[in-house]
Amino acid sequence: MKYPWIDEYLLSKTGVTKDLQPDWNWIRYQIGGKMFAAICLDENNKPYYITLKLEPSEGDFLRTQYQDIVPGYYMNKVHWNSIQPDGEVPDALLKDLLDKSYQLVLSGFSKKKQKEILEAMPSAKASGNEPDADTKKKSFDYKKEYKELYMPKNKPGIIDVPPMNYIAVRGKGDPNAENSEYQSSIGLLYAIAFTIKMSKKNGYSIEGYFDYVVPPLEGFWWQEHTKGIDYSRKDDFQFISMIRLPDFVTKDDFNWAIREASAKKNTDFSNVEFMTYNEGLCVQCMHIGPYDAEPETVARMHEYMTAQGYLLDITDQRFHHEIYLSDARKVKPEKLKTVIRHPVRTGC
(Lines give C-alpha, C1' and ligand atoms only; values in the text may rest on other atoms or scores of the structure.)
Protein backbone atom coordinates (compact mmCIF):
# COMPACT_ATOMS: atom_id res chain seq x y z
CA MET A 1 0.00 0.00 0.00
CA LYS A 2 1.17 3.50 -0.91
CA TYR A 3 0.13 4.96 2.46
CA PRO A 4 2.03 3.02 5.18
CA TRP A 5 1.40 5.81 7.69
CA ILE A 6 -2.38 5.44 7.69
CA ASP A 7 -2.82 3.11 10.68
CA GLU A 8 -0.62 5.19 12.99
CA TYR A 9 -2.21 8.41 11.72
CA LEU A 10 -5.77 7.24 12.42
CA LEU A 11 -4.96 5.80 15.83
CA SER A 12 -3.32 9.09 16.83
CA LYS A 13 -6.72 10.76 16.81
CA THR A 14 -8.41 11.15 20.17
CA GLY A 15 -10.96 8.47 20.97
CA VAL A 16 -10.20 6.22 18.00
CA THR A 17 -10.33 2.43 18.28
CA LYS A 18 -9.95 -0.23 15.62
CA ASP A 19 -11.14 -3.76 15.06
CA LEU A 20 -11.30 -6.37 12.33
CA GLN A 21 -14.71 -7.15 10.89
CA PRO A 22 -14.05 -10.80 9.95
CA ASP A 23 -17.08 -11.29 7.68
CA TRP A 24 -15.90 -8.44 5.43
CA ASN A 25 -12.18 -8.62 6.24
CA TRP A 26 -12.18 -4.88 6.89
CA ILE A 27 -10.03 -3.07 9.43
CA ARG A 28 -12.45 -0.53 10.89
CA TYR A 29 -11.49 2.71 12.63
CA GLN A 30 -14.20 3.95 14.96
CA ILE A 31 -15.06 6.87 17.22
CA GLY A 32 -17.71 6.25 19.88
CA GLY A 33 -18.47 2.89 18.28
CA LYS A 34 -19.17 4.40 14.85
CA MET A 35 -16.91 3.76 11.87
CA PHE A 36 -15.34 6.75 10.15
CA ALA A 37 -12.71 4.92 8.07
CA ALA A 38 -11.86 1.41 6.94
CA ILE A 39 -9.11 -0.46 5.14
CA CYS A 40 -10.71 -3.16 3.02
CA LEU A 41 -8.57 -6.31 2.67
CA ASP A 42 -8.73 -9.03 0.02
CA GLU A 43 -8.39 -12.79 0.64
CA ASN A 44 -4.61 -12.34 0.86
CA ASN A 45 -5.03 -9.52 3.42
CA LYS A 46 -3.85 -6.97 0.88
CA PRO A 47 -5.63 -3.59 0.99
CA TYR A 48 -7.85 -2.87 -2.01
CA TYR A 49 -9.80 0.17 -0.75
CA ILE A 50 -9.57 2.90 1.88
CA THR A 51 -13.12 3.97 2.70
CA LEU A 52 -14.12 7.22 4.40
CA LYS A 53 -17.04 9.63 4.80
CA LEU A 54 -17.38 13.09 3.16
CA GLU A 55 -19.96 15.79 2.59
CA PRO A 56 -21.87 14.61 -0.53
CA SER A 57 -20.95 17.60 -2.70
CA GLU A 58 -17.25 17.24 -1.88
CA GLY A 59 -17.31 13.52 -2.58
CA ASP A 60 -19.01 14.12 -5.93
CA PHE A 61 -16.41 16.69 -6.90
CA LEU A 62 -13.39 14.60 -5.88
CA ARG A 63 -14.66 11.65 -7.90
CA THR A 64 -14.48 13.85 -10.99
CA GLN A 65 -10.93 14.93 -10.14
CA TYR A 66 -9.35 11.58 -9.23
CA GLN A 67 -10.11 8.30 -10.97
CA ASP A 68 -8.84 6.55 -7.82
CA ILE A 69 -11.76 7.93 -5.76
CA VAL A 70 -15.02 6.05 -6.33
CA PRO A 71 -18.43 5.77 -4.62
CA GLY A 72 -18.21 3.93 -1.30
CA TYR A 73 -17.66 0.18 -1.73
CA TYR A 74 -20.58 -1.65 -0.08
CA MET A 75 -21.50 1.62 1.66
CA ASN A 76 -24.00 4.43 1.18
CA LYS A 77 -22.66 5.95 -2.03
CA VAL A 78 -23.96 9.44 -1.23
CA HIS A 79 -21.87 9.87 1.90
CA TRP A 80 -19.04 7.33 1.58
CA ASN A 81 -16.10 7.19 -0.80
CA SER A 82 -13.47 4.53 -1.48
CA ILE A 83 -9.88 5.30 -2.49
CA GLN A 84 -7.45 3.02 -4.29
CA PRO A 85 -4.54 2.32 -1.90
CA ASP A 86 -1.97 2.39 -4.71
CA GLY A 87 -3.43 5.28 -6.68
CA GLU A 88 -2.50 8.90 -7.31
CA VAL A 89 -4.31 10.66 -4.46
CA PRO A 90 -1.64 12.79 -2.70
CA ASP A 91 -0.78 11.93 0.90
CA ALA A 92 -1.68 15.43 2.09
CA LEU A 93 -5.12 15.23 0.48
CA LEU A 94 -5.82 11.77 1.93
CA LYS A 95 -4.89 13.00 5.41
CA ASP A 96 -7.23 15.96 4.94
CA LEU A 97 -10.08 13.65 3.87
CA LEU A 98 -9.49 11.31 6.81
CA ASP A 99 -9.59 14.33 9.15
CA LYS A 100 -12.90 15.42 7.66
CA SER A 101 -14.37 11.93 7.96
CA TYR A 102 -13.37 11.82 11.63
CA GLN A 103 -14.99 15.20 12.27
CA LEU A 104 -18.16 14.33 10.34
CA VAL A 105 -18.79 11.21 12.39
CA LEU A 106 -17.79 12.87 15.68
CA SER A 107 -20.10 15.83 14.99
CA GLY A 108 -23.00 13.40 14.59
CA PHE A 109 -22.97 12.82 18.36
CA SER A 110 -24.53 15.24 20.84
CA LYS A 111 -22.15 17.76 22.40
CA LYS A 112 -22.40 15.86 25.68
CA LYS A 113 -21.50 12.57 23.99
CA GLN A 114 -18.63 14.20 22.08
CA LYS A 115 -17.19 15.46 25.36
CA GLU A 116 -17.52 12.01 26.93
CA ILE A 117 -15.79 10.36 23.97
CA LEU A 118 -12.89 12.81 23.87
CA GLU A 119 -12.35 12.92 27.63
CA ALA A 120 -12.63 9.15 28.08
CA MET A 121 -9.69 8.44 25.78
CA PRO A 122 -6.60 10.33 27.01
CA SER A 123 -4.16 7.78 25.62
CA ALA A 124 -3.44 9.76 22.47
CA LYS A 125 -2.29 12.75 24.54
CA ALA A 126 -0.26 10.54 26.84
CA SER A 127 1.55 8.95 23.92
CA GLY A 128 2.45 12.33 22.44
CA ASN A 129 0.25 11.68 19.40
CA GLU A 130 -2.42 14.27 20.14
CA PRO A 131 -4.06 15.50 16.93
CA ASP A 132 -2.92 18.96 15.91
CA ALA A 133 -5.16 22.01 15.95
CA ASP A 134 -6.09 21.63 12.28
CA THR A 135 -7.30 18.06 12.88
CA LYS A 136 -9.44 19.11 15.84
CA LYS A 137 -10.92 22.12 14.11
CA LYS A 138 -14.26 21.62 12.42
CA SER A 139 -14.83 22.97 8.94
CA PHE A 140 -16.81 26.21 9.01
CA ASP A 141 -20.35 25.40 7.87
CA TYR A 142 -22.29 28.43 6.65
CA LYS A 143 -25.62 26.64 7.05
CA LYS A 144 -24.95 26.06 10.73
CA GLU A 145 -23.24 29.37 11.48
CA TYR A 146 -25.83 31.51 9.68
CA LYS A 147 -29.03 29.63 10.42
CA GLU A 148 -31.10 32.77 9.93
CA LEU A 149 -30.03 32.76 6.25
CA TYR A 150 -29.99 29.05 5.47
CA MET A 151 -32.23 27.30 7.99
CA PRO A 152 -35.35 29.44 8.51
CA LYS A 153 -38.52 27.98 9.98
CA ASN A 154 -41.25 26.67 7.71
CA LYS A 155 -43.29 29.75 8.48
CA PRO A 156 -42.58 33.15 6.88
CA GLY A 157 -40.33 35.78 8.40
CA ILE A 158 -38.65 39.06 7.45
CA ILE A 159 -34.86 39.22 7.11
CA ASP A 160 -32.32 41.84 6.03
CA VAL A 161 -29.73 39.97 3.93
CA PRO A 162 -26.21 41.49 3.90
CA PRO A 163 -24.03 41.90 0.77
CA MET A 164 -22.21 38.73 -0.30
CA ASN A 165 -19.88 37.54 -3.03
CA TYR A 166 -20.82 34.63 -5.25
CA ILE A 167 -19.59 32.40 -8.05
CA ALA A 168 -22.33 32.89 -10.64
CA VAL A 169 -23.46 31.61 -14.03
CA ARG A 170 -26.34 33.13 -16.03
CA GLY A 171 -28.65 31.23 -18.36
CA LYS A 172 -32.19 30.56 -19.52
CA GLY A 173 -34.60 27.79 -20.38
CA ASP A 174 -36.30 24.85 -18.67
CA PRO A 175 -33.96 23.67 -15.88
CA ASN A 176 -35.32 20.12 -16.16
CA ALA A 177 -34.57 19.74 -19.87
CA GLU A 178 -31.84 17.33 -20.91
CA ASN A 179 -28.50 19.11 -21.41
CA SER A 180 -30.07 22.37 -20.23
CA GLU A 181 -28.09 25.53 -19.58
CA TYR A 182 -29.06 25.18 -15.93
CA GLN A 183 -27.58 21.68 -15.59
CA SER A 184 -24.40 22.88 -17.27
CA SER A 185 -24.17 25.84 -14.90
CA ILE A 186 -24.15 23.58 -11.84
CA GLY A 187 -21.10 21.68 -13.06
CA LEU A 188 -19.24 24.93 -13.74
CA LEU A 189 -20.09 26.36 -10.32
CA TYR A 190 -18.96 23.35 -8.33
CA ALA A 191 -15.75 23.01 -10.32
CA ILE A 192 -14.72 26.55 -9.33
CA ALA A 193 -16.10 26.26 -5.79
CA PHE A 194 -14.00 23.19 -5.05
CA THR A 195 -10.94 24.53 -6.84
CA ILE A 196 -11.02 27.43 -4.36
CA LYS A 197 -11.76 25.14 -1.41
CA MET A 198 -8.85 22.84 -2.32
CA SER A 199 -6.47 25.70 -3.14
CA LYS A 200 -4.17 24.99 -0.20
CA LYS A 201 -3.64 21.46 -1.56
CA ASN A 202 -2.67 22.90 -4.94
CA GLY A 203 0.05 25.19 -3.62
CA TYR A 204 -1.99 28.40 -3.86
CA SER A 205 -2.20 30.51 -0.71
CA ILE A 206 -5.29 32.63 0.00
CA GLU A 207 -4.84 35.21 2.74
CA GLY A 208 -7.16 34.53 5.66
CA TYR A 209 -8.11 31.06 4.40
CA PHE A 210 -9.88 28.67 6.76
CA ASP A 211 -11.39 25.28 6.02
CA TYR A 212 -15.09 25.37 5.24
CA VAL A 213 -18.00 23.42 3.83
CA VAL A 214 -18.94 24.66 0.37
CA PRO A 215 -22.21 26.60 0.82
CA PRO A 216 -25.38 25.33 -0.84
CA LEU A 217 -26.41 25.95 -4.43
CA GLU A 218 -28.66 28.99 -4.89
CA GLY A 219 -30.57 30.54 -7.76
CA PHE A 220 -32.23 33.78 -8.82
CA TRP A 221 -35.17 33.15 -11.17
CA TRP A 222 -37.33 35.45 -13.29
CA GLN A 223 -39.38 35.65 -16.49
CA GLU A 224 -39.66 38.63 -18.78
CA HIS A 225 -42.75 40.80 -18.22
CA THR A 226 -43.79 38.66 -15.23
CA LYS A 227 -43.86 39.83 -11.61
CA GLY A 228 -43.05 36.68 -9.70
CA ILE A 229 -42.82 33.19 -11.18
CA ASP A 230 -45.22 31.35 -13.48
CA TYR A 231 -44.29 27.69 -12.83
CA SER A 232 -46.20 26.52 -15.94
CA ARG A 233 -43.79 28.42 -18.25
CA LYS A 234 -40.49 26.76 -17.47
CA ASP A 235 -39.14 27.37 -20.97
CA ASP A 236 -39.30 31.12 -20.24
CA PHE A 237 -37.12 30.94 -17.14
CA GLN A 238 -34.04 33.11 -16.87
CA PHE A 239 -31.69 32.44 -14.00
CA ILE A 240 -28.47 33.17 -12.19
CA SER A 241 -27.08 30.02 -10.57
CA MET A 242 -24.67 30.77 -7.75
CA ILE A 243 -22.66 29.53 -4.78
CA ARG A 244 -21.63 31.85 -1.99
CA LEU A 245 -17.92 32.63 -1.63
CA PRO A 246 -16.18 33.01 1.74
CA ASP A 247 -15.35 36.64 2.48
CA PHE A 248 -11.62 35.94 2.26
CA VAL A 249 -11.87 35.08 -1.46
CA THR A 250 -10.91 38.08 -3.61
CA LYS A 251 -11.45 38.69 -7.31
CA ASP A 252 -7.78 37.78 -7.87
CA ASP A 253 -8.29 34.46 -6.06
CA PHE A 254 -11.38 33.81 -8.18
CA ASN A 255 -9.42 34.53 -11.37
CA TRP A 256 -6.73 32.08 -10.26
CA ALA A 257 -9.40 29.40 -9.74
CA ILE A 258 -10.77 29.99 -13.25
CA ARG A 259 -7.28 29.55 -14.75
CA GLU A 260 -6.55 26.50 -12.60
CA ALA A 261 -9.83 24.73 -13.39
CA SER A 262 -9.59 25.58 -17.10
CA ALA A 263 -6.13 24.03 -17.31
CA LYS A 264 -6.99 20.90 -15.33
CA LYS A 265 -10.41 20.15 -16.80
CA ASN A 266 -9.93 21.52 -20.32
CA THR A 267 -13.31 23.22 -19.96
CA ASP A 268 -14.51 26.69 -20.91
CA PHE A 269 -15.28 28.67 -17.74
CA SER A 270 -15.67 32.04 -19.46
CA ASN A 271 -19.36 32.22 -18.44
CA VAL A 272 -18.51 31.99 -14.74
CA GLU A 273 -18.39 35.35 -12.98
CA PHE A 274 -17.49 36.86 -9.63
CA MET A 275 -20.70 38.55 -8.49
CA THR A 276 -21.34 40.84 -5.53
CA TYR A 277 -24.99 41.19 -4.58
CA ASN A 278 -26.76 43.15 -1.84
CA GLU A 279 -30.13 41.45 -1.43
CA GLY A 280 -31.46 43.58 1.40
CA LEU A 281 -34.90 43.32 2.96
CA CYS A 282 -36.79 40.10 2.14
CA VAL A 283 -39.53 37.76 3.25
CA GLN A 284 -38.41 34.13 3.39
CA CYS A 285 -39.66 30.69 4.36
CA MET A 286 -38.50 27.08 4.34
CA HIS A 287 -40.38 25.15 1.68
CA ILE A 288 -40.58 21.38 2.17
CA GLY A 289 -41.78 19.43 -0.85
CA PRO A 290 -41.52 19.42 -4.65
CA TYR A 291 -40.56 22.58 -6.51
CA ASP A 292 -43.89 22.70 -8.33
CA ALA A 293 -45.64 23.02 -4.95
CA GLU A 294 -43.77 26.24 -4.13
CA PRO A 295 -46.72 28.54 -5.01
CA GLU A 296 -48.46 27.46 -1.79
CA THR A 297 -45.46 28.57 0.28
CA VAL A 298 -45.09 31.76 -1.75
CA ALA A 299 -48.75 32.61 -1.10
CA ARG A 300 -48.19 32.28 2.66
CA MET A 301 -45.10 34.48 2.40
CA HIS A 302 -47.03 37.21 0.58
CA GLU A 303 -49.91 37.03 3.04
CA TYR A 304 -47.46 37.41 5.92
CA MET A 305 -45.53 40.32 4.39
CA THR A 306 -48.76 42.20 3.69
CA ALA A 307 -49.92 41.69 7.26
CA GLN A 308 -46.58 43.09 8.46
CA GLY A 309 -46.91 46.20 6.31
CA TYR A 310 -44.48 45.27 3.50
CA LEU A 311 -44.89 45.30 -0.27
CA LEU A 312 -43.45 42.84 -2.79
CA ASP A 313 -40.45 44.40 -4.53
CA ILE A 314 -39.52 42.04 -7.38
CA THR A 315 -37.86 44.12 -10.11
CA ASP A 316 -35.28 43.68 -12.86
CA GLN A 317 -32.64 43.87 -10.11
CA ARG A 318 -34.38 41.97 -7.30
CA PHE A 319 -35.47 38.40 -7.88
CA HIS A 320 -37.27 35.29 -6.73
CA HIS A 321 -34.50 33.52 -4.80
CA GLU A 322 -34.13 29.83 -3.96
CA ILE A 323 -31.51 28.10 -1.80
CA TYR A 324 -31.29 24.33 -2.29
CA LEU A 325 -30.59 22.41 0.90
CA SER A 326 -31.33 19.02 -0.65
CA ASP A 327 -29.85 17.18 -3.62
CA ALA A 328 -32.81 16.62 -5.95
CA ARG A 329 -31.02 13.61 -7.47
CA LYS A 330 -30.99 11.80 -4.14
CA VAL A 331 -33.94 13.08 -2.09
CA LYS A 332 -37.60 12.24 -2.65
CA PRO A 333 -39.58 15.26 -3.96
CA GLU A 334 -41.82 15.40 -0.90
CA LYS A 335 -38.75 15.76 1.35
CA LEU A 336 -36.86 18.43 -0.59
CA LYS A 337 -35.89 21.46 1.50
CA THR A 338 -35.67 24.81 -0.29
CA VAL A 339 -35.38 28.28 1.20
CA ILE A 340 -37.59 30.67 -0.79
CA ARG A 341 -36.88 34.38 -0.53
CA HIS A 342 -38.66 37.38 -2.07
CA PRO A 343 -37.53 41.02 -1.90
CA VAL A 344 -39.83 43.42 -0.09
CA ARG A 345 -40.00 47.12 0.79
CA THR A 346 -41.82 49.01 3.45
CA GLY A 347 -45.31 50.21 2.56
CA CYS A 348 -46.05 53.87 1.96
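The rules we used
- Residues numbered from 1 in each chain as written.
- Predicted model: local features only at pLDDT ≥ 70, side-chain atom pairs only at ≥ 80, totals over all residues.
- Heavy atoms only, no water.
- Phe/Tyr/Trp six-rings, centres within 6.5 Å; stacked < 30°, edge-to-face > 60°.
- Helix = DSSP H or I, 4+ residues; strand = E, 2+ residues; numbered from the N terminus.
- Buried < 20%, exposed > 50% of the residue type's maximum accessible area, 1.4 Å probe, protein only.
- Axes fitted to C-alpha atoms, helices over the stretch in contact; angles between N-to-C directions.
- Parallel < 35°, antiparallel > 145°, perpendicular 65-115°, else oblique.
- Left-handed = near helix turned anticlockwise from the far one by under 90°.
- Contact = heavy atoms within 4.5 Å.
- Nonpolar A, V, L, I, M, F, W, Y, C, P; charged D, E, K, R; others polar.
- Expected span 1.5 Å × (residues − 1).
- Pairing = 2+ DSSP bridges.
- pLDDT = per-residue confidence, 0-100.
- Core = buried A, V, L, I, M, F, W, Y, C linked by side-chain atoms within 4.5 Å.

## Considerations on the packing of aromatic side chains
Geometrically, a pair of aromatic rings is defined through the distance of the ring centres and the angle of the planes. What the rule picks out here adds up to 29 aromatic pairs. Ring centres of Tyr209 and Phe248 lie 5.3 Å apart, and the angle between their planes is 55 degrees; this geometry places the pair in the tilted category. Here Phe248 lies in the loop between strand 12 (238–244) and helix 10 (251–265) and Tyr209 lies in the loop between helix 9 (181–197) and strand 10 (212–213), a separation of 39 residues in the sequence. Given the relative accessible area of 11%, Phe248 is considered buried. Both rings, one in Trp221 and one in Phe237, keep their centres 5.1 Å apart while their planes meet at 65 degrees; by these two values the pair is edge-to-face. Placement of Trp221 in strand 11 (residues 217–222) and of Phe237 in the loop between strand 11 and strand 12 is noted, with a sequence separation of 16 residues between them. As far as burial versus exposure is concerned, Trp221 and Phe237 are alike and both buried. Through a chain of ring-to-ring contacts, the aromatic side chains of Phe140, Tyr142, Tyr146, Tyr209, Phe210, Tyr212 and Phe248 assemble into a single cluster.

## Here's the deal with the packing of helix 9 against helix 10
Where helix 9 contacts helix 10, the two axes come as close as 9 Å, and the packing angle between them is 110 degrees. Taken together, the axes of helix 9 and helix 10 are roughly perpendicular relative to one another. Of the two elements, helix 9 crosses helix 10, and the hand of that crossing is right-handed. Contact with helix 9, carried on its side by Ala191, Ile192, Thr195 and Ile196, involves Phe254, Trp256, Ala257, Ile258, Glu260, Ala261 and Lys265 of helix 10 and no other residues of that element. When the residues that make up the contact of helix 9 with helix 10 are grouped by side-chain class, the tally is 8 nonpolar, 1 polar and 2 charged.

## Side note on helix 9
Taking 1.5 Å per residue, 17 residues should reach 24 Å; helix 9 reaches 24 Å between its end C-alpha atoms and fits that length. Within helix 9, burial applies to Tyr182, Ser185, Ile186, Leu188, Leu189, Ala191, Ile192, Ala193, Phe194, Thr195, Ile196 and Lys197.

## Brief notes about unusual backbone geometry
Although it is not a glycine, Asn25 adopts a positive phi angle of roughly 60 degrees. Within the fold, Asn25 resides in the loop between strand 1 (16–21) and strand 2 (26–31). By relative accessible area, Asn25 is classed as buried at 18%. The phi dihedral of Tyr74 is positive, around 55 degrees, even though this residue is not glycine. Residue class for Tyr74 comes out exposed when judged on its relative accessible area of 69%.

## What about the sheet that holds strand 6 (residues 80–83)?
Sheet architecture is open: 6 strands sit in the order 1-2-3-4-6-5, paired in antiparallel fashion. Taken across any chain shown, the strands that pair with only one partner, and hence form the sheet edges, are strand 1 and strand 5 (69–71). On average, each strand axis in the sheet is inclined to that of its neighbour by 25 degrees, with strand direction left out of account. In the sheet, strand 4 (residues 47–53) pairs with strand 6 via 4 bridges, with the strands oriented antiparallel. Note that in strand 6 the partner of Lys53 across the bridge is Trp80. Across the sheet, helix 2 (residues 56–65) touches strand 5 and strand 6, and the angle it forms with strand 5 is around 130 degrees.

## Details of the confidence of the model for the chain
Of all residues in the chain, 94% have pLDDT values of 70 or greater, and the mean over the chain is 90. For residues 122–136, every residue scores under 50 in pLDDT, and the model assigns this stretch 18 contacts once sequence neighbours within four places are set aside.

## Some points on helix 10
For helix 10, with 15 residues, the first-to-last C-alpha span of 21 Å sits near the 21 Å given by 1.5 Å per residue. Within helix 10, the full set of buried residues consists of Asp253, Phe254, Trp256, Ala257, Ile258, Glu260 and Ala261. Phi turns positive, to about 50 degrees, at Asn266, one or two residues after helix 10.

## Focus on the side chain of Ser199
On the secondary structure map, Ser199 appears in the loop between helix 9 and strand 10. Each residue touching Ser199, except ones within four places of it in the same chain, is listed here: Tyr204, Ile206, Tyr209 and Trp256.

## Some points on the nonpolar core
Counting 92 residues, the largest nonpolar core has Phe36, Leu94, Leu98, Ile167, Ile192, Ile196 and Val272 as the members making the most contacts within it. At 9 residues, helix 9 tops the list of elements feeding residues into this core. The residues contacting Ile192, other than those within four sequence positions of it, are Ile167, Phe254, Ala257, Ile258, Ala261, Phe269 and Val272. Core analysis: the next-biggest nonpolar cluster, separate from the first, contains 6 residues, Trp26, Ala38, Cys40 and Tyr49 among them.

## Concerning the packing of helix 2 against helix 9
Put simply, helix 2 and helix 9 touch, their axes get as near as 10 Å, and they point 95 degrees apart. Considering the angle they form, helix 2 stands roughly perpendicular to helix 9. Where helix 2 abuts helix 9, its residues Ser57, Glu58 and Phe61 lie against Tyr190, Ala191, Phe194, Thr195 and Lys197.

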